[in-house]
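Now for the letters of each chain:
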Amino acid sequence: MVLKNYNQHNIISKMKTPLKFFILPVLLFCPYFQVSGQEKVNLAATIGVPDLISIGARYQMKQSQLGLNYGFGTINDSYNKTYVISVDYFNHFSGESKYTDRRPWYLRGGFNYLVDETSSFKDTYLYTNLRMGRDFNLSKRFGFTIDLGLLVELSYNRTEKEPMALPYWFSFDWGTSTAESKVLPAISLGMFYRL
């Protein structure tokens, strides 16, 4: 029992700070959203670019949604940390579903703050994205989503921590680093649950 409590405390204390700042507002505001109207909040899980593997919440306003997501790219790795915090606006503009009044076709736009950190450097990116997608409602509460579009880099910053020791034969530049790629494809697959 003591070992179990120690492990739970140890896991919580090692939670990454950005994840703590994401989960706290979601936990605080979910009860308010649920009371204020039926089907106002959707919980979402997605995988994609720039979403990585993400969890989030979306607040429904008629045919619009505001979304907040936290995505991660590395699990339990002390050398590499990759995460993204995203804020998105969804405008559902077309189509019909027998399970909900929300139209299935949507335009999605937003901002993504991405951090890629190793023991040698820390890269931070700010992206904006514009996508078109569709909800596939399987019931009144549950469905899948897919969207596709473009991701545009607004800013990039690299902070060197330690010099990387690479062998001489590895020191070359392919010319395709993400810092040089200002426009990338954006795609995500996900599922949602209406509260």
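Up top is the structure.
Summarised in this report is the structure supplied together with it. Remember, predicted model here, so these are calculated numbers, not experimental data. (Residues numbered from 1 in each chain as written. Predicted model: local features only at pLDDT ≥ 70, side-chain atom pairs only at ≥ 80, totals over all residues. Heavy atoms only, no water.)

1. Some points on the pattern of salt bridges
Thought 1: Taken as a whole and assessed by the stated rule, the structure comprises 10 salt bridges.
Thought 2: Across the pair Glu117 and Lys161 runs a salt bridge whose closest N-O atoms are separated by 2.4 Å. Of this pair, Glu117 sits in strand 5 (residues 105-117) while Lys161 sits in the loop between strand 7 (142-160) and strand 8 (183-194), and the two are 44 residues apart along the sequence.
Thought 3: Here Glu117 falls in the buried class, since its relative accessible area comes to 16%.
Thought 4: Accessibility expressed as a relative area gives 42% for Lys161, which makes it partly exposed.
Thought 5: Glu153 is the salt-bridge partner of Lys182, the closest N and O atoms lying 3.0 Å from each other. Separated by 29 residues along the polypeptide, Lys182 in the loop between strand 7 and strand 8 and Glu153 in strand 7 bring together distant segments of the chain.
Thought 6: According to the relative accessible area criterion, Lys182 is partly exposed, its value standing at 45%.
Thought 7: Salt bridges sharing common partners tie together Asp51, Asp88, Arg108, Arg131 and Asp147. (Salt bridge = Lys/Arg side-chain N within 4 Å of Asp/Glu carboxyl O. Helix = DSSP H or I, 4+ residues; strand = E, 2+ residues; numbered from the N terminus. Buried < 20%, exposed > 50% of the residue type's maximum accessible area, 1.4 Å probe, protein only.)

2. Points about the pairing of strand 4 (residues 81-94)
Thought 1: Strand direction decides the pairing type here: strand 3 (residues 64-72) and strand 4, joined by nine bridges, are antiparallel. Opposite Gly67, over in strand 4, you have Asp88 as the bridge partner.
Thought 2: Both strand 4 and strand 5 contribute to a ladder of 13 bridges, which runs antiparallel. Bridging from a neighbouring strand, Phe90 pairs with Arg108 of strand 5. (Pairing = 2+ DSSP bridges.)

3. Some details on the side chain of Arg108
Thought 1: The residue Arg108 is located in strand 5 in this model.
Thought 2: For Arg108, a relative accessible area of 1% puts it in the buried group.
Thought 3: Side-chain polar atoms of Arg108 contact the side chain of Asp88, separated by 3.0 Å.
Thought 4: In this structure, Arg108 is in contact with Asp51, Arg58, Asn69, Asp88, Tyr89, Phe90, Asn129, Leu130, Arg131, Asp147 and Ser188, ignoring residues within four places of it in sequence. (Polar contact = N/O pair within 3.5 Å; in protein donor to acceptor, adjacent residues only side chain to side chain. Contact = heavy atoms within 4.5 Å.)

4. Overview of unusual backbone geometry
Thought 1: Across the junction of Val49 and Pro50, the peptide omega takes the value 5 degrees, indicating a cis bond.
Thought 2: In this fold, Pro50 is placed in the loop between strand 1 (41-49) and strand 2 (52-61).
Thought 3: The backbone of Leu52 shows a phi angle near 55 degrees, a positive value even though the residue is not glycine.
Thought 4: As for its placement among the helices and strands, Leu52 is situated in strand 2.

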